[in-house]
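# Inside the fold
In case you want the letters, here they are:
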Amino acid sequence: MEMHAGAAAGKSPEERVALVGTPNVGKSVLFGLLTGTYATVSNYPGTTVEVTRGNAAVHGRRLVCIDTPGINSIVPMSEDEQVTRDILLAERPVTVVQVGDSKNLVRALLITLQLAEMELPLILDLNMEDEARDRGILIDTQALGRALGIEVISTVAPERKGLGELRRALASRAAAVPSAAVRYHKVIEDYAGRIAALLPPAAGPARALALMALSRDETLGPRLRCALDAAAVETIERLRGECERAFARPVGTAIHEARLRKARELAEAATTRVAASPYPIMRTLGAACMHPVWGACILAAVLLGLYGFVGVLGAGVLVDFAEDAVFNGYVNPFFTRAAELLVPTQFLRDMLVGPYGVITMALTYALAIILPITAAFFLAFGVLEDTGYLPRLAVMADRFFRLMGLSGKAVLPMVLGLGCGTMAVMTTRVLETRRDRLIATFLLALAVPCAAQLGVIMGMLGGLSLTAFAIWIGCLGAVLLLAGRLAALIVPGERTGFILEIPPFRLPSAGNVLLKTGHRVVWYLREAAPLFVYGTLALFLLDKAGLLDTLKEALAPVITDFLGLPREATAAFLVGFLRRDYGAAGLHALRDQGMLDPVQTMVSLLTLTLFVPCLAHFLMMIKERGLRPAVCMFVIIAVLAVAAGGALNWTLRALAIPLG
Amino acid sequence: MKDFAHKIVQEGPGTQSMFEDETLETVWDFIELGHAPAVADVVARVGDEARVRAVSLAGFITIAGDRISLTPAGERRARDVVRRHRLAERLFADILDIKDYEADACHFEHVISASVEEAICTLLGHPPLCPHGKPIPKGACCELYTRKLAPLVRSLADAEVGAMLRVTFITSPGLQRLAGLGLVPGAALRLQQKLPAFVVAIGETTVAIDRDVASGIFVRSV
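Cut-offs and rules
- Residues numbered from 1 in each chain as written.
- Chains lettered and ligands numbered in written order.
- Predicted model: local features only at pLDDT ≥ 70, side-chain atom pairs only at ≥ 80, totals over all residues.
- Heavy atoms only, no water.
- Helix = DSSP H or I, 4+ residues; strand = E, 2+ residues; numbered from the N terminus.
- Buried < 20%, exposed > 50% of the residue type's maximum accessible area, 1.4 Å probe, protein only.
- Contact = heavy atoms within 4.5 Å.
- Pairing = 2+ DSSP bridges.
- Axes fitted to C-alpha atoms, helices over the stretch in contact; angles between N-to-C directions.
- Salt bridge = Lys/Arg side-chain N within 4 Å of Asp/Glu carboxyl O.
- Buried area = accessible area lost by both parts, 1.4 Å probe.
- Polar contact = N/O pair within 3.5 Å; in protein donor to acceptor, adjacent residues only side chain to side chain.
- Nonpolar A, V, L, I, M, F, W, Y, C, P; charged D, E, K, R; others polar.
- Parallel < 35°, antiparallel > 145°, perpendicular 65-115°, else oblique.
- pLDDT = per-residue confidence, 0-100.
- Core = buried A, V, L, I, M, F, W, Y, C linked by side-chain atoms within 4.5 Å.
- Domains from an automatic or database assignment.
- Patch = residues over 30% accessible without salt bridge, like charges linked within 9 Å, V, L, I, M, F, W, Y side chains within 5 Å.
- Areas by Shrake-Rupley, 256 points an atom, 1.4 Å probe, with all protein chains shown as cover.

## Observations regarding the overall build of chain B
Scanning chain B for helices and strands turns up ten helices and eight strands. By the burial criterion, 49% of the 222 residues in chain B qualify as buried. A separation of at least 24 residues holds for 60% of the contacts in chain B among residues at least 6 apart in sequence.

Put into structure tokens, the structure is as follows:
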């Protein structure tokens, strides 16, 4: 962050506007409305991990808008909060727009008061005014503005209500620095003054920094060491120690309490309470989603809906149309013809349109099969995310995930993993500790089949019986639980306590969901599609060099003897690594040719489901978790998958269970 | 526990009163487990046989043959010592979060006055058991509380759904994450549900936590 500021100092000064606020107040939506470009907006706390910048032109004034990660305090408790604090200190924006939740005014004002101490020019935007009104909370923005000494605006971002006013406020003039200030206990004020006197003006707002130092803000150390000599840093440390002893209780807590009192005072003066809207249907529904009984019913309905939308509509109707009608009907014949006419050598022709061709295999695969399925999934997921259902699902799932040493929070990456494991690995960032992220990444790679794979698997199981389906689910659940429990024991560290903010249950706005889905589909095309091309090229070369047959030969003992599968199944597992669902498709073809009996079908499906994730997923694991952990997981998963498949093979044959 | 008791008798100020406390506490421990101790058992823990016999002369214990039992006066005093010891354990373990609290609890039991004892008991919400799961003998304040007062301070895990509560103190890890969400001492909250996870509303903020976190949040009714 400092680098940006340094670089900007050389150029003509660009005018920066920073959007700041607690998580889930609609910063990102406002950002999108102000700049026209889009950052992923989400109801799930902590999703806005990266800082997004965009250009905004308001009434002829050109501004660079910065969307900062959500914060609960200016004294950072997390990486996100530290990023935001550093942006405010280092980039000195011309205007800070604090986005607050209207129905939670005290919490917003707690931040306002801290921004005031940092002497930042501020506009307070109280968003979600409609939700506050539903709860019978009316805020007099004029009175609050006078009390704070700044402009206060109320908005409803998804409806663009109040947006004009915000743009006018941004365009008109430099915003005012709030005049409202918190008076602390005289001991604290005394020491804050003495520390502030030691700070050079260049370090930033002295009083705010002094209070941060007194609150035991460890992250402040490096900043101060840059600006001060060692003796001064030591003096500050000593003063802080003295203040703590003189005060006899945690200074940070006392500072927080003083701010809280002031915030309550301000909020009370500006708030009128009227009767809440009589039918808070969304609140009732939101609470029902977490109810032990109703919540379970809703969960079942959601899963059924998800299956219907993604499995039946996406993987069925849309894929059939895209694959059979569009690609096999027009696209592939066209390119095959074109290649025959334009490409001179057989080798290059095969590379483009052969059985392992970039167009006939990679593109067909990425665009005609995976894209419709993932797009359908992302759309459904976006709806679930924007309603605020996912954190409620985390509440429902907490106990289950506890068995695996995780907390309910892990449900987000797991559900996303049912769509695309690669993207799910990225979202493990919402988990707090490295340990939790490791376990979640491992379980994702092992036992969570992605949408595309799931589609094919469901098709094959549907051909057998309900017993077969139950055995598949049962085995998967058992492996998930067992592996999770073992991982929880092996991976060092304590289980993190489950603490999660539950945002209000909302009706999602269609525009927002569509934009977000579009954003994710573009991400998918950019990140995953090239991997299909590389994977197919590798397969093509292996095939041309005759190595594919050698590999099949080498792996035959495991496949035929231990798993009891035909030799041809080896290819399915090999390509399964390049694209997991293509492996499933390969098995589907074998079954159609009558080469798999019911037991073999079951064994191959279970092994493939558990088997190592696809190449893109694996690369993402390396990127997020590091090479060594990723390779370790890879090896463990390969062994576990084959062991589970083998066990199922012998068990089914020994018990002779009728499967269909 | 017996090692610390021994140490105090050997090295501590070593007053007769402290020795009596330790002896009575030891006898109480045995009786609690279901049998009157032999003289040798008690001596093995507290040391000096002659001094144990002096406790008998002081009228707190009777020694019949080989067995020791408590006199009514001895039982009253033993009860108080044990109560102070176990309250101290709870205080150190739950609130001050001290891992190795045994030695300090042994010192503490001798020095606190009745009013401090009562204040600690009230602060802890009149806990029924010590951290080792042994019963804490009831004091006058507990009797009063069971008759006419609602629990003053209890864990959120023990509160009932729908209750309006105020946070007294928090001992669970993740204190800072909770503070950021408005869960700080003094905050008013409503317990919405306990299953499948705990959900509390603090103003217009709703937060879900698991039982482990909830049991470290201490609240009182409002």
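## Brief notes about the pairing of strand β1 (residues 16-20) of chain A
All names here are of chain A. Across the five residues that make up β1, a large majority, five, are buried. In β1, alternate side chains face the same way, and those of R16, A18 and V20 on one face and V17 and L19 on the other are all buried. One ladder, built from four bridges, connects β1 with strand β3 (residues 61-67); its direction is parallel. Looking at the pairing, V17 lines up with C65 of β3. Alignment of β1 against strand β4 (residues 95-101), held across four bridges, turns out to be parallel. In the strand pairing of β4, V20 is matched with Q98.

## Overview of the sheet that holds β1(A)
Paired through their backbone hydrogen bonds, the strands of a sheet run either parallel or antiparallel. Residues and elements named next belong to chain A. Taken together, six strands build an open sheet; the order of strands is β2-β3-β1-β4-β5-β7 and the sheet is mixed. With partners counted over all chains shown, the strands left at the sheet margins are β2 (52-58) and β7 (151-154), one partner each. In this sheet, neighbouring strand axes are inclined to one another by 25° on average, regardless of whether the strands run parallel or antiparallel. Bridge count for β2 against β3 is seven bridges, and the pairing is antiparallel. The residue of β3 that forms the bridge with T52 is D67.

## Thoughts on the pattern of salt bridges
Applying the stated criterion across every chain, the model contains 33 salt bridges over all chains. Between A:E189 and A:R207 there is a salt bridge, with its nearest N and O atoms 2.8 Å apart. Taken as a pair, A:E189 in helix α8 (residues 186-198) and A:R207 in helix α9 (residues 206-214) lie far apart in primary sequence, 18 residues in all. Residue class for A:E189 comes out buried when judged on its relative accessible area of 17%. On the accessibility criterion, A:R207 (23% relative accessible area) is partly exposed. In this structure, the salt-bridge partner of A:R402 is B:D210, at a minimum N-O distance of 3.8 Å. On the criterion of chain membership, the pair formed by A:R402 in helix α17 (residues 389-402) and B:D210 in the loop between β7 (205-209) and α10 (211-215) is interchain, its members lying in two chains. The exposure class assigned to B:D210 is buried, which follows from its relative accessible area of 1%. Through salt bridges with shared partners, one network takes in A:D101, A:K103, A:E131 and A:R506.

## Let's talk about the interface of chain B and chain A
The partner chain A presents 29 residues to the 22 residues of chain B that form the contact. Of the roughly 2300 Å² buried between chain B and chain A, counting both surfaces, carbon and sulfur atoms make up 55%. Among the residues of chain B in contact with chain A, B:R177, B:P196 and B:E204 are the three that bury the most area, contributing 30% of the side total. Salt-bridge contacts for A:R402 lead to B:D212; the nearest nitrogen and oxygen are separated by 3.6 Å. Our enumeration of links across chain B and chain A arrives at eight residue pairs in polar contact (both at pLDDT 80 or more). For the side of chain B that touches chain A, the secondary structure elements donating two or more residues are α9 (175-180), β7 and α10 of chain B. With five residues, the single largest contributor to the side of chain B that touches chain A is β7(B). For the side of chain B that touches chain A, the class distribution of residues is eleven nonpolar, six polar and five charged.

## Structural notes on the sheet that holds strand β3 (residues 154-155) of chain B
If you trace the seven strands from one edge of the open sheet to the other, you get β9(A)-β7(B)-β6(B)-β5(B)-β4(B)-β8(B)-β3(B), paired in antiparallel fashion. At either margin of the open sheet sits one strand with a lone partner, and together these are β9 (499-502) of chain A together with β3 of chain B. Here β9(A) runs beside β7(B); their pairing, made up of four bridges, is antiparallel. Bridge assignment links A:L500 to a residue of β7(B), and that residue is B:A208.

## Quick notes on unusual backbone geometry
B:L195 connects to B:P196 through a cis peptide bond whose omega is -5°. Located in the positive-phi region is A:E119, a residue other than glycine, with phi close to 55°. Checked against the element boundaries, A:E119 lands in the loop between α4 (105-117) and β5 (122-127).

## Details of the packing of helix α21 (residues 451-462) of chain A against helix α22 (residues 466-490) of chain A
All names here are of chain A. It is the contact of α21 with α22, at a shortest axis distance of 9 Å, that shows an interaxial angle of 140°. The pairing of α21 with α22 is recorded here as oblique in orientation. Together, L454, I457, M458 and L461 of α21 and A468, F469 and W472 of α22 make up the contact between the two elements. In terms of residue class, the contact of α21 with α22 is made up of seven nonpolar, no polar and no charged.

## Focus on the confidence of the model for chain A
Residues and elements named next belong to chain A. Per-residue confidence for chain A averages 84 on the pLDDT scale, and 94% of its residues sit at or above 70. The low-confidence segment residues 1-12, where pLDDT is below 50, has 13 contacts with residues more than four positions distant or belonging to other chains. Contacts for the low-pLDDT stretch residues 40-48, under 50 throughout, to residues beyond four places or in other chains number 38 contacts.

## So, the nonpolar core
Across soluble globular proteins, nonpolar side chains have a tendency to be buried as a group. Counting residues in hydrophobic clusters, the biggest one holds 110 residues, and the most contacted among them are A:L443, A:M602 and A:L610. Element by element, the count of residues in this core is highest for helix α16 (residues 358-387) of chain A, at twelve residues. When near neighbours in sequence (up to four residues on either side) are disregarded, A:M602 contacts A:L461, A:L464, A:A468, A:I471, A:W472, A:L648, A:L652 and A:L659. Of all hydrophobic cores here, the second largest spans 83 residues; its members include A:V20, A:L224, B:V184 and B:L191.

## Thoughts on the packing of helix α2 (residues 16-32) of chain B against helix α5 (residues 72-95) of chain B
Residues and elements named next belong to chain B. It is the contact of α2 with α5, at a shortest axis distance of 8 Å, that shows an interaxial angle of 90°. Here α2 lies roughly perpendicular to α5, going by the angle between them. Contacts between α2 and α5 pair S17, E20, D21, L24, E25, W28, D29 and E32 from the former with G74, E75, R77, A78, R79, V81, V82, R84, H85 and R86 from the latter. Here the contact of α2 with α5 is built from residues that sort into five nonpolar, three polar and ten charged.

## Let's talk about the domain arrangement of chain B
Partitioning chain B into structural domains gives domain 1 (1-149) and domain 2 (154-221). For domain 1 of chain B and domain 2 of chain B, the distance between their C-alpha centroids amounts to 34 Å.

## As for helix α2 (residues 27-35) of chain A
Residue and element names in this part refer to chain A. Counting buried positions along α2 yields nine of nine residues, so the element is predominantly enclosed. Among the residues of α2, K27, S28, V29, L30, F31, G32, L33, L34 and T35 are the ones counted as buried. Of the residues one or two after α2, G36 is the one with positive phi, at around 90°.

## Comments concerning a nonpolar patch on the surface
A cluster of nonpolar side chains, contributed by A:L482, A:L486, A:L489 and A:I490, occupies part of the molecular surface with about 480 Å² of accessible area. Position of A:I490 relative to the elements: it lies in helix α22.

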